[in-house]
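# Per-entry structural report
One letter stands for each residue in the lines below.
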Amino acid sequence: MSPTRTAPLPSLGNAGWLKWPETCDVFSALGAQGHEVRAVGGAVRDTLLERPVKDVDVATTALPEVVMELAAAAGLKAIPTGIDHGTVTVVAGNRAFEVTTLRKDVENYGRHASVSYTDDWAADAGRRDFTINALYADADGQLFDPLGSYGDLVARHVRFIGDARMRVLEDYLRILRFFRFNAELEFGEFDAQGLEACVREQAGLQKLSGERVRSELLRLVSAEGAYRAIVKMFEYGLLVQLLGGVPYLARLERLIDIEAGLGVEPDAVLRLAGLSVAVPEDAGRLSDRLRLSKAERSHLEQASGHRVMSVAMDEAQVKRELYIQGRAGCRTAALIAWAASGEAVSDASWCGLVARIQDLPIPELPLQGSDIVKLGVPEGPGVGDILKHAEERWIQGGFEAGKKELLEITGQLVKAKFGKG
Ligand code: ATP
Ligand code: MG
């Protein structure tokens, strides 16, 4: 492999995460018997790119059982999360570190690589997906670059290690990771061989589990360069393959701009909704396909109700929706509706609607079941029915009625139904 260009290696010495007490504890625990320990992957890559680091993956020459023992001896919790392929999760304080023993993949059948451990850093680097992910740093922040790939990182070039097509055939998730890292790094051009391999083998995406697709896709859509990468996936047919439905590219683009205009952090599920949810069936299909959590599913469902939100709504109508859908649901629906409308990010009416959703109090029904019982309705389903009627009248009246007025209305209902009140 020829790196994009050679560049002198910097040190990571000042990286904040190297100084976290938890990182220090893990490095010193694993290094206690002279085993080599180095951070790898995202933490090293993102530090060099001056991007925030969330978690630290660790590579070590210690065998997995030894990692378990060394962690325990240092009073750290060790969980054998992927011990068959060499990974132990070591927990220090509130942080979890994925610690993987150096390995070279001997045979690869999909995800089930037959594993052989090694103390050769270059072999370990060689089994990783992209050159930008094969950089290591020790506890002092010294950078190690076994494949000479630092130049690719400087150039933000997402390049497969070895033959792109072979690497994709070994694990189809790498297709999604290719687009994800391109979205995060915002490189000018996609690597031609990598792109060709991903496009050619795109049918393999169908073989991936929903969980694996979920985590990569959510990262992809929330990346800074998400739109560009997603358009590229669309142009080559991968997006429809992945989502199983029609993508709304212009709506996603507008939604990303709206988020920026409002100064809020990217919301992965909202963006996914902007990209691919128009009706409740879309929300259901995507949630099933990507094994989304209950909360994520309901977020998508809220997005599918976007047509009810419009800038023409008066305050009472907004309150009504707040009461029915909740504040978060209204916000989601409004942002999608705004993105779909094509109106500018600075549009005063839409900004106003979002502000009303944020600020208006959510009405609370001033009646309870016990009030209905006091009117002489026997406890049971009849109480709920009457309450529901009263609630409907209260909503229709723009939430104006207070308890007294509502009791009067309810009294009439009770009289008509039970001859009491
Ligand atoms: P992030 O910052 O989002 O966690 P990451 O690069 O650390 O990005 P991880 O999924 O945490 O990604 O994986 C850690 C490292 O393990 C990667 O940098 C890469 O070297 C290797 N890796 C992860 N997934 C694969 C894969 N599917 N094929 C080959 N190598 C992989
Ligand atoms: Mg990581």
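On a predicted model such as this, the values are computed, not experimentally measured, just so you know.

Ranked by size, the top nonpolar core spans 106 residues in total, and within it Trp 17, Phe 178, Phe 179 and Leu 217 carry the most contacts. Ranked by residues supplied to this core, first place goes to helix H17 (residues 315-341) with 10 residues. Leave out the neighbours within four places in its chain, and Phe 179 touches Phe 190, Leu 195, Cys 198, Leu 220, Ala 229, Lys 232, Met 233 and Leu 238. Core analysis: the next-biggest nonpolar cluster, separate from the first, contains 14 residues, Leu 367, Trp 394, Phe 399 and Ala 401 among them.

Read across the sheet, seven strands follow the order E3-E4-E5-E2-E1-E8-E9 without closing on themselves; strand pairing throughout is mixed. Here the strands that pair on one side only, and so sit at the sheet edges, are strand E3 (77-82) and strand E9 (143-144). Of the pairings in the sheet, the one linking strand E8 (residues 136-137) to E9 comprises two bridges and is antiparallel in character. Opposite Tyr 136, over in E9, you have Phe 144 as the bridge partner. Lying over the sheet, helix H4 (residues 64-73) contacts strand E2 (57-60), E3, strand E4 (87-92) and strand E5 (95-101), oriented at roughly 10° with respect to E4.

Annotation of the protein at the domain level lists domain 1 (1-155), domain 2 (156-243), domain 3 (263-363) and domain 4 (369-418). On the domain 4 side, the residues contacting the five residues of domain 3 number four residues. With both chains or domains summed, domain 3 and domain 4 bury close to 450 Å², and 81% of this area falls on carbon and sulfur atoms. Of all residues in domain 3, Arg 320, Tyr 323 and Pro 363 bury the most surface against domain 4, accounting for 77% of the area lost on that side.

Looking now at the site of ligand 1. Residues in close proximity to ligand 1 total 15 residues, the closest being Gly 42, Arg 45, Arg 174, Arg 180 and Arg 219. With respect to ligand 1, the side chain of Asp 57 contributes an N or O atom lying 2.9 Å from an oxygen atom. Between ligand 1 and the protein, one listed contact pairs an oxygen atom with a side-chain N or O atom of Arg 177 at 3.0 Å. Contact with the protein chains hides 82% of the accessible area of ligand 1, taken as 580 Å² for the molecule alone. With four residues, helix H8 (residues 173-185) is the largest single contributor of residues to the shell around ligand 1. Its residues assigned to classes, the shell around ligand 1 comprises one nonpolar, three polar and 11 charged. When residues of the shell around ligand 1 are assigned to domains, at least three map to each of domain 1 (1-155) and domain 2 (156-243).

Cut-offs used in this document
- Residues numbered from 1 in each chain as written.
- Chains lettered and ligands numbered in written order.
- Predicted model: local features only at pLDDT ≥ 70, side-chain atom pairs only at ≥ 80, totals over all residues.
- Heavy atoms only, no water.
- Core = buried A, V, L, I, M, F, W, Y, C linked by side-chain atoms within 4.5 Å.
- Buried < 20%, exposed > 50% of the residue type's maximum accessible area, 1.4 Å probe, protein only.
- Helix = DSSP H or I, 4+ residues; strand = E, 2+ residues; numbered from the N terminus.
- Contact = heavy atoms within 4.5 Å.
- Pairing = 2+ DSSP bridges.
- Axes fitted to C-alpha atoms, helices over the stretch in contact; angles between N-to-C directions.
- Domains from an automatic or database assignment.
- Buried area = accessible area lost by both parts, 1.4 Å probe.
- Near = heavy atom within 4 Å.
- Polar contact = N/O pair within 3.5 Å; in protein donor to acceptor, adjacent residues only side chain to side chain.
- Areas by Shrake-Rupley, 256 points an atom, 1.4 Å probe, with all protein chains shown as cover.
- Nonpolar A, V, L, I, M, F, W, Y, C, P; charged D, E, K, R; others polar.

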